[in-house]
Amino acid sequence: MSGPIRVIVLPPSPTGGRRVRVDGEILGLAHSAVDLAEFLRRAGLEIDPAEVAHVSWIDWRGVGPEQWGPEADA
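Residues numbered from 1 in each chain as written. Predicted model: local features only at pLDDT ≥ 70, side-chain atom pairs only at ≥ 80, totals over all residues. Heavy atoms only, no water.

Visitor: Report on the packing of aromatic side chains, specifying residues and quantitative values.
Guide: To describe a pair of aromatic rings, you give the distance between the ring centres and the angle between the ring planes. This model, assessed by the stated rule, comprises one aromatic pair. Between W60 and W68 the ring centres are 5.8 Å apart and the planes differ by 85 degrees, which places this aromatic pair in the edge-to-face class. Like W68, W60 is buried. The side chain of R18 reaches across the aromatic face of W68, ending 5.6 Å from its centre. (Phe/Tyr/Trp six-rings, centres within 6.5 Å; stacked < 30°, edge-to-face > 60°. Buried < 20%, exposed > 50% of the residue type's maximum accessible area, 1.4 Å probe, protein only. Lys NZ or Arg CZ within 6 Å of the ring centre and 35° of its normal.)

Encoded structure:
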């Protein structure tokens, strides 16, 4: 594969959690930065959960890494 890895974290779902995609493939529904880091680890991308908010290669859609639950929890 050429080019940078593209990680997209979609907005929180109405029932909670955020769908995570890497290069177009859905990895799962993360409910926290720890979940996100685990999905990325399984995809071969090592990252500390404390760093997910600070890397430029994660595209946060809708809201940033501070929100994982339904919009009503904001």
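From this point, the discussion proceeds with the structure in view.
Visitor: Give a description of the pattern of salt bridges that names residues and reports values.
Guide: It is possible for side chains of opposite charge to pair when their charged atoms get near one another. For the structure shown, the criterion picks out four salt bridges. Across the salt bridge formed by R42 and E38, the nearest N and O atoms sit 2.9 Å from each other. Taken together, the residues R42 and E38, both in helix 1 (residues 33-42) and four residues apart, mark about one turn of the helix. (Salt bridge = Lys/Arg side-chain N within 4 Å of Asp/Glu carboxyl O. Helix = DSSP H or I, 4+ residues; strand = E, 2+ residues; numbered from the N terminus.)

Visitor: Please provide a residue-by-residue account of the sheet that holds strand 3 (residues 25-30), values included.
Guide: Neighbouring strands of a sheet are bound in pairs by backbone hydrogen bonds; such pairs are parallel or else antiparallel. With mixed pairing, the four strands of this open sheet are ordered in space as 3-2-1-4. In this open sheet, the two edge strands, each paired with only one partner strand, are strand 3 and strand 4 (58-60). Neighbouring strand axes in the sheet, compared pairwise and without regard to direction, differ in orientation by 20 degrees on average. By the bridge criterion, three bridges tie strand 1 (residues 7-9) to strand 4 in an arrangement that is parallel. Residue pairing in the sheet places I8 in a bridge with D59 of strand 4. (Pairing = 2+ DSSP bridges. Axes fitted to C-alpha atoms, helices over the stretch in contact; angles between N-to-C directions.)

Visitor: I'd love a proper account of the nonpolar core, names of residues and values included.
Guide: Core analysis: the biggest nonpolar cluster contains 15 residues, and L36, L40, I58 and W60 have the highest contact counts within it. If you list the elements that add at least two residues to this core, you get strand 1, strand 2 (18-22), helix 1 and strand 4. In terms of residue count, helix 1 provides more of this core than any other element does, four residues in total. Discounting chain neighbours no more than four positions away, the residues touching L36 are V9, V20, A30, V52, I58, W60 and W68. (Core = buried A, V, L, I, M, F, W, Y, C linked by side-chain atoms within 4.5 Å. Contact = heavy atoms within 4.5 Å.)

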